[in-house]
Amino acid sequence: MSMRKIMIHYAALMMLAITGGAWVTPAFSNVRVLACEPEWKALAEEIGGEYVVATSATTALQDPHLIEARPSLIAQARRADLLFCTGAELEIGWLPLLLRQSGNKEIQVGRPGHLMAADQVTTIEVPEKLDRSMGDIHAAGNPHIHLDPYRILLIANALTERLSHIDPDNHDAYQQQLKAFTQEWNASIRQWETLAKPLQGAKVVIHHR
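The notes below deal with the structure included here. (Residues numbered from 1 in each chain as written. Predicted model: local features only at pLDDT ≥ 70, side-chain atom pairs only at ≥ 80, totals over all residues. Heavy atoms only, no water.)

1. A few points about the state of the cysteines
Alright, step 1. Within the structure shown, the criterion is met by one disulfide.
Alright, step 2. One disulfide bridge connects Cys 36 with Cys 85, the sulfur atoms lying 1.9 Å from each other. Here Cys 36 and Cys 85 share a disulfide; its torsion about the S-S bond, 50°, makes the bridge right-handed. Of this pair, Cys 36 sits in the loop between β1 (31-35) and α2 (38-48) while Cys 85 sits in strand β3 (residues 82-85), placing them 49 residues apart in sequence.
Alright, step 3. Given the relative accessible area of 1%, Cys 36 is considered buried. (Disulfide = S-S within 2.5 Å. Helix = DSSP H or I, 4+ residues; strand = E, 2+ residues; numbered from the N terminus. Buried < 20%, exposed > 50% of the residue type's maximum accessible area, 1.4 Å probe, protein only.)

If you want it as structure tokens, here you go:
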């Protein structure tokens, strides 16, 4: 074992001895973000940088409508400083139960630690009437807002404000990360629009509105 590793090991043992076996949370502790979907985890990491530790309740291979509020997920919600989800009833089948079971007052509806992306934009396809004959529809409008890159910028701004509220000491860092992300994202939008030009006017068959 190298001298550096020995010193690190010794420091760890001393810390455990001083705290009676419990780790002391450092002054620069990260904001713990629980995202409902991986796209919001990625955005939280972009804006939060080194000051955020983000996890996702789902993967890209899962249907976000059909998730079980399992004990491990409840434990993550209990420790979270910020819950970052799509909203617009996308997670209606499991998120209310997760919130109740977590016992974490900071991430409940109306609290700073509760952020729904759909609340930051104007959703499309909001039904004028609700009828059982229409099948399974989203009463709050189309929740798949992450498919519009312009809406992502609106959500990124809202996320930055919320992180700054929860962690005001790092406000400037979040603003800098937002500025860098916005510049890169706008450059990407210009590339995507150039690539998409040949598709204008094309007839397509879609699986989902």
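So that's the structure; there's more coming.
2. Considering α2
Alright, step 1. Considered for burial, the residues of α2 that qualify are Trp 40, Leu 43, Ala 44, Ile 47 and Gly 48. Taken around the axis of α2, the buried residues stretch over an arc of 115°, which confines them to a single face.
Alright, step 2. Residue Gly 49 follows α2 closely and has a positive phi angle near 55°. (Arc of directions from axis to C-beta.)

3. Brief notes about the nonpolar core
For soluble globular proteins, the rule of thumb is that nonpolar side chains tend to be buried together.
Alright, step 1. Residues Trp 40, Leu 43, Phe 84 and Leu 159 are the most contacted members of the largest nonpolar core, which totals 27 residues.
Alright, step 2. Mapped onto this core, the elements with two or more residues apiece are β1, α2, β2 (52-56), β3, α5 (149-166) and α6 (171-196).
Alright, step 3. Tallying contributions element by element places α5 first for this core, with six residues. (Core = buried A, V, L, I, M, F, W, Y, C linked by side-chain atoms within 4.5 Å.)

4. Looking at the packing of aromatic side chains
Alright, step 1. A full pass over the atoms with the stated rule returns four aromatic pairs.
Alright, step 2. Geometrically, the ring pair formed by Trp 40 and Phe 84 is tilted, given 5.3 Å between the ring centres and 40° between the ring planes. Note that Trp 40 is positioned in helix α2 and Phe 84 in strand β3, a separation of 44 residues in sequence. Grouping residues by exposure puts Trp 40 and Phe 84 together as buried.
Alright, step 3. Between Phe 181 and Trp 185 the ring centres are 5.3 Å apart and the planes differ by 25°, which places this aromatic pair in the stacked class. Of this pair, Phe 181 and Trp 185 both sit in helix α6, separated by four residues, roughly a single helical turn.
Alright, step 4. Residue class for Phe 181 comes out buried when judged on its relative accessible area of 7%.
Alright, step 5. An aromatic cluster is built from Phe 181, Trp 185 and Trp 192, whose rings are joined through pairwise contacts. (Phe/Tyr/Trp six-rings, centres within 6.5 Å; stacked < 30°, edge-to-face > 60°.)

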